[in-house]
Amino acid sequence: MKIGFIGLGNMGAPMARNLAAAGHGVTGFDTHAPMPEGVEAATSAAAAATGAEVVITMLPDGAILRAVAAEVIPAMTAGAVFCDCSTVDVESARAVADQAAKAGIAALDAPVSGGVGGAAAGTLTFMAGGSDAAFATVAPLFAVMGQKAVHCGPSGNGQAAKICNNMILGVTMIATCEAFALADKLGLSRQKMFDVVSTSSGYSWVMNAYCPAPGIGPKSPADNDYRPGFAAELMLKDLRLSQQAAEAADADTPMGELAARLYAHFVEAEDGRGMDFSAMLPRFEKRHRG
Ligand code: NAD
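Residues numbered from 1 in each chain as written. Predicted model: local features only at pLDDT ≥ 70, side-chain atom pairs only at ≥ 80, totals over all residues. Heavy atoms only, no water.

A separate point is the site of the ligand. Every one of the 24 residues lining the ligand counts as a neighbour, but N10, M11, D30, L59 and K237 are closest to it. A distance of 3.5 Å separates a nitrogen atom of the ligand from a polar atom in the backbone of T31. Within the backbone of T87, one N or O atom sits 3.0 Å away from an oxygen atom of the ligand. Judged by the fraction of its atoms near the pocket grid, the ligand is located in the largest pocket. Listing elements by their share of the shell around the ligand, those giving two or more residues are α3 (62-72), α5 (115-121) and α10 (232-249). Tallied by class, the residues present in the shell around the ligand amount to 13 nonpolar, eight polar and three charged. (Near = heavy atom within 4 Å. Polar contact = N/O pair within 3.5 Å; in protein donor to acceptor, adjacent residues only side chain to side chain. 1 Å grid on protein atoms, 1.4 Å probe; cavity = no way out; pocket = protein on both sides within 12 Å on 5 of 7 lines; lining within 4 Å. Sits in = over half its atoms within 2 Å of the grid points. Helix = DSSP H or I, 4+ residues; strand = E, 2+ residues; numbered from the N terminus. Nonpolar A, V, L, I, M, F, W, Y, C, P; charged D, E, K, R; others polar.)

Right, here's the structure in full:
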């Protein structure tokens, strides 16, 4: 397939490299990052999109996505698919899909889970919003870049699935970390806490697969001085998107709101920036009630 790939940063570069390695013709554009192996350089985003059957974007936020889409969609061939894999607000995803539809272009919002490791290994999970036909066109590319793709419904539903998942993840991480800090103060060893909770009703992906306590459970960023992994500031970004969506949809999300506030404080006023999001545990360890 002929693919235009725009945004070749930490995630985009390995995704584009995997597409090229699978035999697809990939033309790339990034304002700063170098071209990954096998990707032909274009001089602009519009040039990367010209003649492509699928244009994939992997960009920092909704404002940049809207600007890139405004430049790229007019350069695309009618019938082609614009597939955004960035994590952005639901409103931007739907606005870009509307703009694409007016130009005869199909759009998919297809954010990913799996991080930089999953992008490099080609094991991402895609959650997509858009038409059945657009999903069917891009599905073979999802199969190269990932191990699972779920079609979540119309435009915006991929982003909705992503932020709901990550709101659960952020809240669960905080709950797990504060419980470990309480267990410490009650004289319960972390290993015993893990042994009980990981096989009891408090179990979760956070406890069982990504334990925030070093030396316990499978290897996780806690065993690597809390180097990310999934950085606290990326969790903050996703929690803020969840609260923006909750505000727009008039949904009551008190735990998500508190998680967003705690991660904001951790990243902006404490030493959380650049740490894995599980570094909430050493944060709670140092604190007292009140
Ligand atoms: P990144 O900052 O490494 O990459 C973004 C790239 O976009 C950069 O190389 C930047 O130069 C480029 N860019 C910015 N403006 C541009 C423009 N106008 N035209 C062309 N290129 C432009 O970020 P990343 O970690 O690769 O994340 C990309 C997206 O994926 C984000 O939305 C992020 O939330 C999401 N995401 C990241 C992870 C992760 O673990 N890093 C996991 C899941 C989802």
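Leftover empty space is mapped by rolling, across the atoms, a probe with the size of a water molecule. Taken as a whole, this structure holds one cavity of 30 Å³ or more when the rule is applied. Roughly 50 Å³ of volume is contained in the largest cavity. Lining the largest cavity, in full, are L65, D84, A93, V96, A97, A107, L108, D109, G129 and S155. At the level of elements, α4 (90-102) and β6 (106-109) are the ones that each hand at least two residues to the lining of the largest cavity. Here the residues of the lining of the largest cavity are counted per class, giving six nonpolar, two polar and two charged. (Points joined across faces, edges and corners; volume = space filled by probe spheres on them.)

Another point: the packing of aromatic side chains. Across all of its chains, the model carries six aromatic pairs by this definition. Here F135 and F142 contribute two aromatic rings whose centre-to-centre distance is 5.9 Å and whose plane-to-plane angle is 45°, an arrangement assigned as tilted. Accessibility assignment for this pair places F135 and F142 in one class, buried. Here the aromatic rings of F230 and F277 are separated by 5.4 Å at their centres, their planes lie at 75°, and the arrangement is edge-to-face. Here F230, found in the loop between α9 (205-209) and α10, pairs with F277, found in the loop between α11 (254-268) and α12 (280-285); they are 47 residues apart in sequence, far enough to count as distant. (Phe/Tyr/Trp six-rings, centres within 6.5 Å; stacked < 30°, edge-to-face > 60°. Buried < 20%, exposed > 50% of the residue type's maximum accessible area, 1.4 Å probe, protein only.)

In this fold, A100 is placed in helix α4. Taking the C-alpha atoms as reference, A100 lies 9.5 Å from M76; in sequence the two are 24 residues apart. Here A100 is in contact with I73, I105 and A107, once residues within four sequence places are set aside. (Contact = heavy atoms within 4.5 Å.)

A few words on the pairing of strand β2 (residues 25-29). For β2, the tally of buried residues reaches four of five residues, placing the bulk of the element in the interior. Note: strand β1 (residues 2-6) against β2, five bridges, orientation parallel. In the strand pairing of β2, G4 is matched with T27. Taking the sense of rotation as the criterion, the β-α-β connection linking β1, helix α1 (residues 12-21) and β2 turns out right-handed. Pairing of β2 with strand β3 (residues 40-41) involves two bridges; the strand directions are parallel. (Pairing = 2+ DSSP bridges. Right-handed = clockwise from strand over helix to strand, strands pointing away.)

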